[in-house]
Amino acid sequence: GAWSAASPPITTVAPLANDPFAGAAALTGDTGSVSSSTVTATRETGEPTHGGYRPAASLWWTWTAAEAGTLVISTYGSDFDTLLGVYTGDRVDALTTVAQNDDAAGETGVWSRVTIAPVAGRTYAIAVDGYNGRTGAVRLGWTFTPAPRPEVPGAPRSVRATAGNAAATVYW
């Protein structure tokens, strides 16, 4: 081949804002999903393992619990073998693992799912990465179910007690 000065243009891809932990994108609402790609994602020094494996190309999101309940997070619909981690903390090198997963138990496929019991007012950091350095299109979904509200019992229907007996029976 002869040398040529003509070549196709090079397309550059800007880094994703939520590639570093400090740029984590906020998720809002009780239920939703977001889509992205880990193709240009990187790992950070001090980043924890996700799903039990070394990070390679992670993206970060945060979600803040408005109240107590159950939060289910999954990567169902992603087109590669995902790893999922949920953490608390303010620095990528000092996070506390809340939950992590590689391949949702009892499901077909290589997507990940975790279920946590969030504390009202606490912010959770969520990382998606790929098993063995894999990258691809990510779909991150979440569903929050509030804890059941305690019910105050109404007035009792009847109270029965016997004279001389220290016991009483209350019927609702």
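Please refer to the structure placed before this passage.
Reference entry: report on the structure contained in this document. The shown structure was predicted, so the numbers you read here are calculated from the model rather than taken from an experiment. Counting restarts for each chain: residues are numbered from 1 in the order of the written sequence. With pLDDT at 70 or above as the cut-off, local features in this predicted model cover only qualifying residues; side-chain atom pairs require 80 or more to be listed or tallied, and sums for whole chains, interfaces and linings still use all residues. Side-chain calculation: all heavy atoms of the structure are included, whereas hydrogens and water are not.

**Some words on the sheet that holds strand β8 (residues 123-130)**
In short, DSSP must find at least two bridges between two strands for them to pair. The numbering of helices and of strands both runs from the N terminus, where a helix is a DSSP run of H or I of at least 4 residues and a strand a run of E of at least 2. If you trace the five strands from one edge of the open sheet to the other, you get β1-β3-β8-β5-β6, paired in mixed fashion. Pairing within the sheet leaves two strands with one partner each, and these edge strands are β1 (25-27) and β6 (96-102). Ignoring strand direction, the axes of neighbouring strands in this sheet form an average angle of 25°. As paired strands, strand β5 (residues 82-88) and β8 are joined by six bridges and run antiparallel to one another. Within the sheet, the bridge partner assigned to Gly-85 lies in β8 and is Ala-127. Where helices are involved, their axes are fitted lines through C-alpha atoms of the stretch in contact, as for all axes, and angles between N-to-C directions lie from 0 to 180°.

**A look at the packing of aromatic side chains**
Only centres within 6.5 Å qualify two rings of Phe, Tyr or Trp (six-membered ring in Trp) as a pair; their planes then separate them into stacked at under 30 degrees, edge-to-face at over 60, and tilted for everything else. Inspection of the entire model under this criterion finds five aromatic pairs. The interplanar angle of 90° and the centroid separation of 5.0 Å between the aromatic rings of Tyr-53 and Tyr-131 together place this pair among those described as edge-to-face. In this pair, Tyr-53 sits in the loop between β2 (31-37) and β3 (59-64) while Tyr-131 sits in the loop between β8 and β9 (137-146), placing the two residues 78 residues apart along the sequence. Ring centres of Trp-60 and Tyr-87 lie 5.9 Å apart, and the angle between their planes is 50°; this geometry places the pair in the tilted category. Here the residue Trp-60 occupies a position in strand β3, and Tyr-87 occupies one in strand β5, the gap between them amounting to 27 residues. The pair Trp-60 / Tyr-87 is uniform in exposure class, with both members buried. Each residue's exposure class comes from its accessible area (1.4 Å probe, protein chains only) as a fraction of the maximum for that residue type: buried when under 20%, exposed when over 50%, partly exposed otherwise.

**A few points about the pattern of salt bridges**
We define a salt bridge as a contact between a side-chain nitrogen of Lys or Arg and a carboxyl oxygen of Asp or Glu at a distance within 4 Å. Counted according to the given criterion, the structure contains two salt bridges. The partner of Glu-67 in a salt bridge is Arg-149, with the nearest N and O atoms 2.9 Å apart. Note that Glu-67 is positioned in the loop between β3 and β4 (69-74) and Arg-149 in the loop between β9 and β10 (158-161), a separation of 82 residues in sequence. On the basis of relative accessible area, Arg-149 is assigned to the exposed category, the value being 57%. Among the ionic pairs, Arg-91 bridges to Asp-93, the shortest N-O distance being 2.9 Å.

**Here's the deal with the environment of Leu-71**
Tracing the chain through its elements places Leu-71 in strand β4. In this structure Leu-71 comes out as buried when scored by relative accessible area, which is 1%. For the pair formed by Leu-71 and Thr-115, sequence separation is 44 residues and the distance between their alpha carbons is 5.6 Å. Pairs of residues are marked as contacts when any of their non-hydrogen atoms sit within 4.5 Å. With sequence-adjacent residues up to four places away left out, Leu-71 is seen in contact with Trp-63, Val-114, Thr-115, Ile-116, Pro-118, Trp-142, Thr-143 and Phe-144.

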